[in-house]
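Residues per chain, in single letters:
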Amino acid sequence: MFALKSIQLAIQPLIRCPLNKIVIKTMATKATPKKSVMNIKSSSPPSATSSSVYNPSKSDYDAVDDAIWRSGERVPYLAFATTLKTIEETSGRLKMIEILSNYFRSVIALSADDLIKSVYLCLNKVCPDYEGLEMGIGESLIIKAIAAATGRKVDQIKAEIEKKGDMGIVAELSRTNQKTLFAPPKLSVANVFDKFKQITQMSGNSTQAKKVEMIQSMLVACRECEARYLVRSLTGKLRIGLAEQSLLQALTQAVVLHNNVKMKRSSDKFKAEVAKHSLILKTAYCECPNYDRIIPVILEHGIEALPTHCQLTPGIPLKPMLAHPSKGVDEVLRRFDKSKFTCEYKYDGERAQIHYVGNGSVLIFSRNQENNTSKYPDIIKRMPNCITDEVKDFIIDCEAVAWDQQQKQILPFQVLSTRKRKNAEEGDIKIQVCLYVFDLLYLNGESLVAEPLSKRRDLLRAHFKSVEGEFTFAHSSDVNTLDEIQEFLEESIKGKCEGLMVKTLDVDASYEIAKRSKKWLKLKKDYLEGVGDTLDLVVIGGYRGKGKRTGVYGGYLLACYDDGTEEFQSICKIGTGFKDEDLENLANSLNEHVIDKPKSYYNYDESLRPDVWFDAVQVWEVKCADLSLSPVHKAAIGFVNDDKGISLRFPRYLRLRDDKKPDMATTASQVSEMYKNQEQIKAGNDDDDDEDDY
Ligand code: ATP
């Protein structure tokens, strides 16, 4: 599949040309390639190999001339580390994307085989999320490795980390103190990535010494800023302020420019090409979030070929469809005015995307595409009882809900959350789970996402069997009058559900991967009282507690996420809704993520400065009385008012959302929409028909 695989190994000139027409001249090939097609410049070696001359932020960056390595060579880790350093020193997101795209352009032009590894290193990953291998080596191991590599004392290193608050910087400074007799081999992106992968695959105490040795061997070889990024990657906190969506954008830009060497970044043509291709790439990534599959297709066939090569596949989790909040039955009827729709109970559990791969293996993924298979051995065991003989493979969308076997009724989400999260043994399971299935996305070799819900539902009911307390179709009713919906909503609440999900059935009723779509409306009982939906917010700071709260935090600073600027914008201070044990547990877990200064991508007002800053790691679900314009908070600034943000009035903590990552928090545009809805409702007018991504 990856035709370029052998290319870099053989020392042959790789010719720069359109990706889908990459021309490689082997020694055996007679003809000299035509200049116009190849545009090759790589025959002369670059004049220097130091980061002081690698400058991926150059406005007229040339993928070949400005690189610090030659065609066919492995990408030096120094080029990668320098790219991260340059990005870190840049504040504008567009410029950051440009810098990264320049680095990718050189990788594509000179060493395309290293593109996958470069992408993973930028994201601080060693494999797709769903494979579950995560960077995040314990600090003490890394400190030992720094000590071994530099001859410094562990205590001295610890004290310096305490002072500087960044292990990466300490590692970098430690390196410059060291003198070596002869230089060890230079690090390459490929060998650093391979070592990272090996390290994350090792488990158990007996492997610790081996890990230290591997880290030490890399540190010894570090030059300039390499140690900083090597160590930060190992700790799992690379955080250069560039999220995955920006990386996809940078990759698109790199591919477009590689295929159109003469195109100017400022031209309309470039912008149009990038817009078109980035949509294709982002869509493909939602269906198939796996760079090991996507990048070879891009290199071999181009971005446009992704829809035919990277489709929905059992075994690879897709980003789920999400629903829009709605404030009442009136709104539902107005929105679905002419379309046929169904109402389903909205169960309060945990989303489970279940894949049956066809060889008997069942995989269960969370809303975040994490592999939850080992959490649910009971579901896996029962699966064969729930499918008919004709089923060969499938993907279904369900809610896993705690179930009381004696009373034969649903239990609250809090009960489910006490289940063991990984490697559960079937015999030890105390909390039983019933699956409520609400969608069928793939069946017997065919993707069904483009089919209307009515067809997906018919196929679901025809191919699966309901088993009480184990596997049941989401309770639904195709009602259509205000009274009927109201009655069904009340029934759902009595049935211990959160409310209803209302979904279009025939027209405009496809499954929208990775979208928060208005084809699905959620009608929660809470909406009927408060502001609408709850918000999922990121904790960025803490205020030390006094009196009864001495020793824990008395309040916190919360932020929403602006997915346009990729910044966390303060939205409220919060101090209510916490039980005593919440205060204790949250303080303990957040204390592991204290940082010495706010990240460059935190947008807040000085008057709100907390006593302690946290890395953006935790998401909390929060309820509030309403939203108001704020002169100090920055949430959704520029959406409703150029100078004012939006803040929450009377926020209350509801629960920790450990199934959400910070970039899945409520976005600035959702905050502004909630604010506008509330204002429109006050004014007696709440029409808004757009659909947006999440
Ligand atoms: P969101 O997922 O919309 O960001 P959230 O995670 O806070 O927000 P909710 O707002 O509570 O979730 O609503 C959507 C979730 O409801 C789905 O992700 C799914 O887990 C759950 N759910 C329960 N019943 C159904 C159903 N019948 N159809 C679809 N989703 C359902």
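Residues numbered from 1 in each chain as written. Predicted model: local features only at pLDDT ≥ 70, side-chain atom pairs only at ≥ 80, totals over all residues. Heavy atoms only, no water.

Examining the site of the ligand
Lining the immediate surroundings of the ligand are 19 residues, of which K346, R367, E399, K522 and R657 lie closest. A distance of 2.3 Å separates an oxygen atom of the ligand from a polar atom in the side chain of K522. Here an oxygen atom of the ligand sits 3.3 Å away from a polar atom, N or O, in the side chain of K524. Protein contact buries 94% of the 600 Å² of open area that the ligand shows by itself. The set of elements that each furnish at least two residues to the shell around the ligand consists of β2 (341-346), β11 (499-504) and β12 (515-524). Per-element accounting of the shell around the ligand gives the leading share, four residues, to β12. Its residues placed into classes, the shell around the ligand shows six nonpolar, no polar and 13 charged. When residues are assigned to domains, the shell around the ligand turns out to be shared by domain 3 (322-526) and domain 4 (535-682), each giving three or more. (Near = heavy atom within 4 Å. Polar contact = N/O pair within 3.5 Å; in protein donor to acceptor, adjacent residues only side chain to side chain. Areas by Shrake-Rupley, 256 points an atom, 1.4 Å probe, with all protein chains shown as cover. Helix = DSSP H or I, 4+ residues; strand = E, 2+ residues; numbered from the N terminus. Nonpolar A, V, L, I, M, F, W, Y, C, P; charged D, E, K, R; others polar. Domains from an automatic or database assignment.)

Side note on the environment of K496
Structurally, K496 can be placed in the loop between α19 (482-494) and β11. Residues K496 and Q409 lie 87 residues apart in sequence; the distance between their C-alpha atoms is 8.2 Å. In this structure, K496 is in contact with Q409 and I410, ignoring residues within four places of it in sequence. (Contact = heavy atoms within 4.5 Å.)

A short note on the nonpolar core
Counting 94 residues, the largest nonpolar core has Y77, Y103, F104, L219 and L230 as the members making the most contacts within it. Excluding its chain neighbours within four sequence positions, the residues that come into contact with L230 are Y77, L187, V192, F196, M218, L219 and C222. One finds Y442, V479, Y511 and A514 within the second-largest nonpolar core, a separate group that totals 37 residues. (Core = buried A, V, L, I, M, F, W, Y, C linked by side-chain atoms within 4.5 Å. Buried < 20%, exposed > 50% of the residue type's maximum accessible area, 1.4 Å probe, protein only.)

Regarding the pattern of salt bridges
One pass over the structure, following the stated rule, counts 39 salt bridges. Between E350 and K375 there is a salt bridge, and its shortest N-O distance comes to 3.1 Å. Residue E350 is found in strand β3 (residues 350-356), and its partner K375 is found in the loop between β4 (362-365) and α16 (377-386); the two are separated by 25 residues along the sequence. Residue K375 is classed as buried on the basis of its relative accessible area of 5%. A salt bridge links E451 to K455; the nearest nitrogen and oxygen atoms lie 3.6 Å apart. (Salt bridge = Lys/Arg side-chain N within 4 Å of Asp/Glu carboxyl O.)

Some points on the side chain of E399
Among the secondary structure elements, E399 is positioned in strand β5 (residues 394-404). Of the side chains with opposite charge, R351 comes closest to the buried, unpaired E399, at an N-O distance of 5.7 Å. A polar contact is formed between the side chain of E399 and the backbone nitrogen of E350, at a distance of 3.4 Å. A polar contact of 3.5 Å, which involves the side chain of E399, links it to the backbone nitrogen of R351. Apart from residues no more than four positions distant in its own chain, E399 is found in contact with Y347, D348, G349, E350, R351, C434, L435, Y436 and F438. (Lys, Arg positive; Asp, Glu negative; His and termini not counted.)

Comments concerning empty space enclosed by the protein
One pass over the full model with this rule turns up four cavities of 30 Å³ or more. The computed volume of the largest cavity comes to approximately 50 Å³. Around the largest cavity, the lining residues are E344, V437, F438, R457, L460, R461, F473 and A474. Elements supplying a minimum of two residues to the lining of the largest cavity: β7 (432-443) and α18 (453-463). Among the elements that take part in the lining of the largest cavity, α18 stands out by supplying three residues, more than any other. Of the residues in the lining of the largest cavity, the class split is five nonpolar, no polar and three charged. (1 Å grid on protein atoms, 1.4 Å probe; cavity = no way out; pocket = protein on both sides within 12 Å on 5 of 7 lines; lining within 4 Å. Points joined across faces, edges and corners; volume = space filled by probe spheres on them.)

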